[in-house]
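Descriptive structure summary
Single-letter residue listing:
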Amino acid sequence: MSTHEYRLIATSKSPEDLVQHDRVDVSLYNDPALFEAELEKIFYRTWVWVAHESEVRNSGDFKTATIGRRPVIVVRDKKNNINVLENRCRHRGATVCEKHKGNATGFTCPYHSWSYGLDGKLRALPYPDGYEGILEKSELPLTSLRVESYAGMVFASYNDEIEPLEDFLGGARHWMDLFMKQGAGYPIKTQGEHKFSFKGNWKIQLENTTDGYHFPIVHKSFMSSVDEETSEMLSFMTDEQAVTHSLGNGHSVMVMVPEHVDLDHDDGTEQLQERFAHVTEELSKTMPADQVRRIVRSLHGAGFNLNLFPNIAMSMSFFRVLRPVSVTETEIRHVALGMDGGPEIANRERMRIHEHFQGPFGFGSPDDAEAWDRVQRGSYAGVDAPILVNRGLNREITAENGDKVSHATDEGGMRGAYDMWKRMMSQ
Ligand code: FES
Ligand SMILES: [Fe+2]
């Protein structure tokens, strides 16, 4: 059977046929028709992360982003509201902004110079006589999306009927609050990002953030490149407290460093890492010992990876943002984080940690990307063999709050994400 014929058959399968609790059909990685359906039923229906508030701090600050394949602008207006506007001129459709980020007083389309305010209103157009009596400016603003934020994380949705963001996040909110504690008393800010693409489906990446099973294998070179204390800290494979929670609505969290789940909690027994001795020494000149400990213990970020369906992970010390480009291509941004107003030496150290794993010459992400490419290539063989996500089903428990909990090397996070996929694709 050719790949083409197979695709036609696969798309005639229902979401229930394609996703079972412990396995998914391989066409989820390579069927173009399913990809189109995912844009409509997932990316244009749910809450999609677009920015962190620190990226649009002041009036006029903006960044461009993409929801599914639709370009948008996230911008703070003069009334201090954050707007998410479609990046599409209401005349003949050109994008009105091509910069990744910046500050502006408005957006002027380069094609015929229609100009829009920070709230999206069409303010002016040249040579208006040709429109007299046939065009009402107030009827042609840039299209606005629904916008809500939680813990500084800004989400937008094309769906006017969607539940409030806080309900959608549900049990993930608790972990978002914990994640932000790595600011050690300072607000979190973004401090630059690495962008790359891999030749694979977006769900291969989605699976990876709470895939503890691959860590000691794929990241062997990373583990051999770090000091002993860091390597020990990340050796969670046999640590019973290293667990994954499936949180509902496709969200999940994987705890890798249990003692760093709540960074405000410090019983004083943890030795500060030797590799950070220069930071500890410098900070100790001006800060009390407990604040120094708080900052240094937070340098690696929170002790967990939180995966928010469908496009953002709050992963230890950084954000991982995914953008589905096509059925076989995904763009990833790894956004470094720091302490807003915090000591420079600590923020610099955080950048070095980020580069070491996530950077283009880092020891982590390039290895991940190779594995993801290979999953995509392999998906064209053995079309009847499912993708297995059953690891740990033998030891998964349901916690009192409803979370499904299993070991960090298990695949409960993926099962939760695919349950959500099935629910949304069945609508
Ligand atoms: S397309 Fe934007 S002004 Fe014509
Ligand atoms: Fe990885």
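Read on for an overview of the structure.

What counts, and at which threshold
- Residues numbered from 1 in each chain as written.
- Chains lettered and ligands numbered in written order.
- Predicted model: local features only at pLDDT ≥ 70, side-chain atom pairs only at ≥ 80, totals over all residues.
- Heavy atoms only, no water.
- Salt bridge = Lys/Arg side-chain N within 4 Å of Asp/Glu carboxyl O.
- Buried < 20%, exposed > 50% of the residue type's maximum accessible area, 1.4 Å probe, protein only.
- Pairing = 2+ DSSP bridges.
- Helix = DSSP H or I, 4+ residues; strand = E, 2+ residues; numbered from the N terminus.
- Donors = N, O, S within 2.8 Å, 3.2 Å for Na, K, Ca; no water.
- Tetrahedral: all angles 85-135°; square planar, octahedral: opposite > 155°, others 65-115°.
- Axes fitted to C-alpha atoms, helices over the stretch in contact; angles between N-to-C directions.
- Parallel < 35°, antiparallel > 145°, perpendicular 65-115°, else oblique.
- Left-handed = near helix turned anticlockwise from the far one by under 90°.
- Contact = heavy atoms within 4.5 Å.
- Nonpolar A, V, L, I, M, F, W, Y, C, P; charged D, E, K, R; others polar.
- Phe/Tyr/Trp six-rings, centres within 6.5 Å; stacked < 30°, edge-to-face > 60°.
- Core = buried A, V, L, I, M, F, W, Y, C linked by side-chain atoms within 4.5 Å.

On to the pattern of salt bridges, then. In this structure the tally under the stated criterion is 27 salt bridges. Taking the shortest distance from any N to any O, the salt bridge between arginine 23 and aspartate 22 comes out at 3.2 Å. Given the relative accessible area of 32%, arginine 23 is considered partly exposed. Where glutamate 331 meets arginine 333, a salt bridge forms, and the shortest distance between an N and an O atom there is 3.3 Å. Grouping residues by exposure puts glutamate 331 and arginine 333 together as buried. The network of salt bridges with common partners includes Lys181, Asp262, Asp264 and Arg294.

Next up on the list: the sheet that holds strand E8 (residues 107–108). Reading across the sheet, the three strands line up as E8-E9-E10 and stay open at both edges, with antiparallel pairing between neighbours. Lying at the two open borders of the sheet, with one neighbouring strand each, are E8 and strand E10 (122–124). Judged from the two bridges that link them, strand E9 (residues 115–116) and E10 form a sheet pairing that is antiparallel. Bridging across to E10, serine 115 finds its partner in alanine 124.

What follows deals with the coordination of the iron ion (ligand 2). For the iron ion (ligand 2), the full set of protein donor atoms is His214 (NE2), His219 (NE2), Asp368 (OD) and Asp368 (OD), at a range of 2.1 to 2.5 Å. Coordination at the iron ion (ligand 2) comes from four donor atoms whose angles at the metal span 57 to 151°, giving a geometry best classed as irregular. Read N to C, the donor residues that coordinate the iron ion (ligand 2) are spaced as H-x4-H-x148-D. Placement of histidine 214 in the loop between helix H7 (202–208) and helix H8 (215–218) and of aspartate 368 in helix H14 (residues 365–378) is noted, with a sequence separation of 154 residues between them. The pair formed by histidine 214 and aspartate 368 is uniform in burial state, with each residue classed as buried.

Before going further, it helps to examine the packing of helix H11 (residues 277–284) against helix H12 (residues 289–297). The interhelical angle for the contact between H11 and H12, taken along N-to-C directions, is 150°, at an axis separation of 10 Å. The orientation of H11 with respect to H12, classified from their angle, is roughly antiparallel. For the element pair H11 and H12, the recorded crossing hand is right-handed. Counted together, Val279, Thr280, Leu283 and Ser284 of H11 and Val292, Ile295 and Val296 of H12 form the full contact between these two elements. Residues belonging to the contact of H11 with H12 are distributed by class as follows: five nonpolar, two polar and no charged.

As enumerated under the stated definition, the model contains 14 aromatic pairs in all. Taken together, a centroid distance of 5.7 Å and an interplanar angle of 50° make the contact between phenylalanine 215 and phenylalanine 236 tilted. Residue phenylalanine 215 is located in helix H8, and its partner phenylalanine 236 is located in the loop between helix H10 (228–233) and strand E14 (243–248); the two are separated by 21 residues in the primary sequence. Owing to a relative accessible area of 8%, phenylalanine 215 belongs among the buried residues under this scheme.

To continue, consider the side chain of threonine 244. For threonine 244, the location among the structural elements is in strand E14. Not counting residues up to four positions away in its chain, the partners in contact with threonine 244 are Thr210, Val253, Met254, Lys404, Val405, Ser406, His407, Ala408 and Gly413.

Here we come to the nonpolar core. Ranked by internal contacts, the top residues of the largest apolar core, which has 77 residues, are Phe155, Phe304, Leu306, Phe319 and Trp421. Broken down by element, the residue count for this core peaks at seven residues, all from helix H15 (residues 412–425). With residues near it in sequence (within four places) discarded, tryptophan 421 still touches Pro15, Leu18, Val19, Leu28, Leu34, Glu38, Ile42, Trp202, Lys203 and Phe309.

Tracing the backbone shows glycine 413 in helix H15. As for glycine 413 and histidine 245, which are separated by 168 residues in sequence, their C-alpha atoms are 6.7 Å apart. With near-sequence residues (within four places) excluded, glycine 413 lies in contact with Thr210, Thr244 and Ser252.

A word on unusual backbone geometry. With omega at 0°, the peptide bond leading from phenylalanine 309 into proline 310 counts as cis. Structurally, proline 310 can be placed in the loop between strand E16 (304–308) and strand E17 (312–315). Its identity as a non-glycine residue notwithstanding, serine 113 has a phi of 65°, on the positive side. Relative to the helices and strands, serine 113 is located in the loop between E8 and E9. A positive phi angle, close to 45°, is found at methionine 316, a residue other than glycine. Take methionine 316: it is sitting in the loop between E17 and strand E18 (318–326). Classification of methionine 316 by relative accessible area gives buried; the value is 13%.

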